[in-house]
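One-letter residues, chain by chain:
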Amino acid sequence: MTDLLIKNIGILATPEGNGPKRGKEQGDIGIKKNVAIGITFGKISYIGDIEEAPAAKEVIDAKGSLVTPGLVDCHTHLVFGGWRQHEMELKLKGVPYLDILKAGGGILSTVEATRKATFDELYEKAKKLSLTMLRYGTTTIEAKSGYGLELETELKQLKVVQKLQEELPIDFVSTFMGAHAVSPEYKGRGEEFVDYLCNEVLPVVAGEKLAEYCDVFCETGVFDPGLSEKMLLKAKEYGLKLKIHADEIDPIGGGELAGRLGAASAEHLIAATDEGIRLMSKSGTIGVLLPATSFYLDKPFARARHMIDEGMAVACASDFNPGSSPNLNLQLAMNLACLRYKLTPEEALCAVTLNAASAIDRAGSVGSIELGKQADIIIWDAPDLNYIFYRYGSNLVDTVIKKGLVI
Ligand code: IZC
Ligand code: ZN
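Residues numbered from 1 in each chain as written. Chains lettered and ligands numbered in written order. Predicted model: local features only at pLDDT ≥ 70, side-chain atom pairs only at ≥ 80, totals over all residues. Heavy atoms only, no water.

## Thoughts on the overall build of the protein
Piece 1. The number of helices and strands found in the protein is 15 helices and 16 strands.
Piece 2. Radius of gyration (C-alpha) of the protein: 21 Å, near the 22 Å computed for a compact globule of 407 residues.
Piece 3. Principal-axis analysis of the C-alpha atoms gives the protein an extent of 70 × 45 × 45 Å.
Piece 4. Here the protein holds 407 residues, and the buried ones make up 60% of them.
Piece 5. For the protein, the proportion of contacts with a sequence separation of at least 24, taken over those separated by at least 6, is 76%.
Piece 6. Surface accessibility of the protein: about 15500 Å² in total, with carbon and sulfur atoms responsible for 50%.
Piece 7. Side-chain charges in the protein split into 44 positive and 55 negative, and the spacing between the mean points of these groups amounts to 1 Å. (Helix = DSSP H or I, 4+ residues; strand = E, 2+ residues; numbered from the N terminus. Rg over C-alpha atoms; globule rule 2.2 N^0.38 Å. Buried < 20%, exposed > 50% of the residue type's maximum accessible area, 1.4 Å probe, protein only. Contact = heavy atoms within 4.5 Å. Areas by Shrake-Rupley, 256 points an atom, 1.4 Å probe, with all protein chains shown as cover. Lys, Arg positive; Asp, Glu negative; His and termini not counted. Charge placed at Lys NZ, Arg CZ, Asp CG, Glu CD.)

And the structure:
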């Protein structure tokens, strides 16, 4: 007896496997027609003909629609105080993102608001945002700290993610990103700030097991590759896995560093060099591309096709944050991945499911619809895969199922 049976699935589209799909394989999507899925104890226990499906306590009719794995948003800055709509005027005047930061705004404006906010305020806000993401089909969320830039607030952010994990029907993966900007207290003293993070913040974060990954903003005027490397090597010593915001604005060596360190993923890669891409391909580093950020910052789009041709695994994420990507709808990133990166719908689906799950080390449990995997499933208000990449601009999710629970 299964707990739940989804019948009348018109098209089941899913990548398959427990790891990333690289190069040509990224477009290998299994398509099954007219199937049913059975779910037992939150896991997928049956995929096949309805005639042979086991009896079920509850049945959902997918009415001939498209079904895919739940979406995995593998790069967000989910927990923050305030917003940054006051920077809209500067942005529209063409003031660059890094100039706003240099003048004490941007990330630093969110740092001020996040430091001021109480734990409960941050929790309630992030909870509401997460539940909205769930309605848009996102069933797993990576969330970075980095709006504290000092011990207390970094811990506050990470503990919010811990509580979200305990309370919500969503999986969260936590990343420590103390090296998101040099704190106002250490202005002009980036090296001392990294020492502070390494000696006084990281040990507590690791000791309390509040983060699985460490990320660094390797960028002009923020952290150069030398300081980024120092932070990441120390994080590795403490058992954290590595991510790098690399080549978002300027190619200062972030992609190369990610490749050399064998980072799990490199984020953005808008300005990634051929050499960086070659090194990341060799190290198996996943490119986490953020097309909604290119759109919002009016920047070029990362060379996703070239990366795939060079054998990299490409994932896409929302980059949801109050500055460079105030959008939490991963479907928009999917549309842009297709329309602007020129990924095929199959490659783009893989980018937000199996490859995204791989970028946060969850490919063994989520990211595809296969026997034994967690039952994170989307029934779309769409007849086929092309449709969800074509009908951009609205929420095309009909039903979200998380760990076998109909949301
Ligand atoms: O708050 O601006 N790029 N970090 C690096 C961000 C964007 C988030 C922000
Ligand atoms: Zn980011």
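So that's the structure; there's more coming.
## A word on the nonpolar core
Piece 1. By size, the foremost hydrophobic cluster in this structure holds 126 residues, and its most contacted members are L78, F176, M231 and W380.
Piece 2. Take this core: its biggest share by element is nine residues, from helix α6 (residues 190-207).
Piece 3. Here this core gathers at least three residues from each of two domains, domain 1 (2-69 + 367-406) and domain 2 (72-359). (Core = buried A, V, L, I, M, F, W, Y, C linked by side-chain atoms within 4.5 Å. Domains from an automatic or database assignment.)

## A short note on empty space enclosed by the protein
Piece 1. Within the structure shown, the criterion is met by one cavity of 30 Å³ or more.
Piece 2. Empty space within the largest cavity amounts to approximately 90 Å³.
Piece 3. For the largest cavity, the lining is made up of 13 residues, of which H77, Y97, H180, N321 and S324 are closest to its centre.
Piece 4. In the lining of the largest cavity, the residues fall into four nonpolar, six polar and three charged. (1 Å grid on protein atoms, 1.4 Å probe; cavity = no way out; pocket = protein on both sides within 12 Å on 5 of 7 lines; lining within 4 Å. Points joined across faces, edges and corners; volume = space filled by probe spheres on them. Nonpolar A, V, L, I, M, F, W, Y, C, P; charged D, E, K, R; others polar.)

## Looking at the coordination of the zinc ion (ligand 2)
Piece 1. The coordination sphere of the zinc ion (ligand 2) contains the protein donors H75 (NE2), H77 (NE2), H245 (NE2) and D319 (OD), at a distance range of 2.0 to 2.6 Å.
Piece 2. Taken together, the four donor atoms coordinating the zinc ion (ligand 2) span angles of 77 to 161 degrees at the metal, a pattern that classifies the geometry as irregular.
Piece 3. For the zinc ion (ligand 2), all donor residues lie on one chain, and their spacing in sequence is H-x1-H-x167-H-x73-D. On the criterion of sequence distance, the pair formed by H75 in the loop between β6 (71-73) and α1 (88-92) and H245 in strand β10 (residues 241-246) is long-range, its members being 170 residues apart.
Piece 4. The class for H75 is buried, based on a relative accessible area of 0%. (Donors = N, O, S within 2.8 Å, 3.2 Å for Na, K, Ca; no water. Tetrahedral: all angles 85-135°; square planar, octahedral: opposite > 155°, others 65-115°.)

## Side note on the pairing of β10
Piece 1. Along β10, five of the six residues are buried, which leaves the element largely enclosed by surrounding structure.
Piece 2. With helix α7 (residues 225-237) bridging strand β9 (residues 213-218) and the parallel β10, this β-α-β connection has right-handed handedness.
Piece 3. Across four bridges, the pairing between β10 and strand β11 (residues 265-268) is parallel. Note on β11: the bridge partner recorded for H245 is E267.
Piece 4. With respect to chirality, the unit in which β10 leads through helix α8 (residues 254-261) into the neighbouring parallel β11 is right-handed. (Right-handed = clockwise from strand over helix to strand, strands pointing away. Pairing = 2+ DSSP bridges.)

## Quick look at the packing of aromatic side chains
Piece 1. Going through the model one piece at a time under the given rule, you end up with ten aromatic pairs.
Piece 2. Ring plane angle 55 degrees and centroid distance 6.2 Å describe the contact between W83 and F320, whose orientation is recorded as tilted. Taken together, the residues span a long stretch of sequence, with W83 in the loop between β6 and α1 and F320 in the loop between β13 (314-316) and α12 (330-339) at a distance of 237 residues.
Piece 3. The class of W83 is partly exposed, set by a relative accessible area of 38%.
Piece 4. Site record: aromatic cluster; members linked through ring pairs are F80, W83, Y147 and F320.
Piece 5. One Lys or Arg, K91, reaches over the ring of Y296 and ends 3.9 Å from the middle of that ring.
Piece 6. A cation sits over an aromatic face here: K163 above Y123, 4.4 Å from the ring centre. (Phe/Tyr/Trp six-rings, centres within 6.5 Å; stacked < 30°, edge-to-face > 60°. Lys NZ or Arg CZ within 6 Å of the ring centre and 35° of its normal.)

## A closer look at the site of ligand 1
Piece 1. Taken together, H77, R84, Y97, I107, Y147, H180, F217, H245, E248, N321 and S324 are the residues near ligand 1.
Piece 2. In this structure, an oxygen atom belonging to ligand 1 sits 2.6 Å away from a side-chain N or O atom of Y147.
Piece 3. Contacts to ligand 1 include H180, whose side-chain N or O atom sits 2.7 Å from a nitrogen atom.
Piece 4. Relative to its unbound accessible area of 270 Å², ligand 1 is 100% covered by the protein chains.
Piece 5. Among the cavities detected, the one that contains ligand 1 is the largest cavity.
Piece 6. Partitioning the shell around ligand 1 into residue classes produces four nonpolar, five polar and two charged. (Near = heavy atom within 4 Å. Polar contact = N/O pair within 3.5 Å; in protein donor to acceptor, adjacent residues only side chain to side chain. Sits in = over half its atoms within 2 Å of the grid points.)

## Overview of the domain arrangement of the protein
Piece 1. Domain assignment breaks the protein into domain 1 (2-69 + 367-406) and domain 2 (72-359).
Piece 2. Averaged C-alpha coordinates put domain 1 and domain 2 at centres separated by 29 Å.
Piece 3. Contacts between the two partners involve 37 residues from domain 1, matched on the other side by 32 residues from domain 2.
Piece 4. Taking both partners together, domain 1 and domain 2 bury about 2700 Å²; carbon and sulfur atoms supply 63% of that area.
Piece 5. Counting across the interface, domain 1 meets domain 2 through two salt bridges.
Piece 6. The partner of D171 in a salt bridge is K403, and the shortest N-O contact between them spans 3.5 Å.
Piece 7. Taken together, domain 1 and domain 2 are joined by 15 residue pairs in polar contact (both at pLDDT 80 or more).
Piece 8. When residues of the side of domain 1 that touches domain 2 are traced back to their parent elements, those giving at least two are β1 (2-14), β5 (66-69), β14 (377-380), α15 (385-390) and β15 (397-402).
Piece 9. Of the residues forming the side of domain 1 that touches domain 2, the biggest block, five residues, is contributed by α15.
Piece 10. Across the side of domain 1 that touches domain 2, the residue classes tally to 17 nonpolar, 13 polar and seven charged. (Buried area = accessible area lost by both parts, 1.4 Å probe. Salt bridge = Lys/Arg side-chain N within 4 Å of Asp/Glu carboxyl O.)

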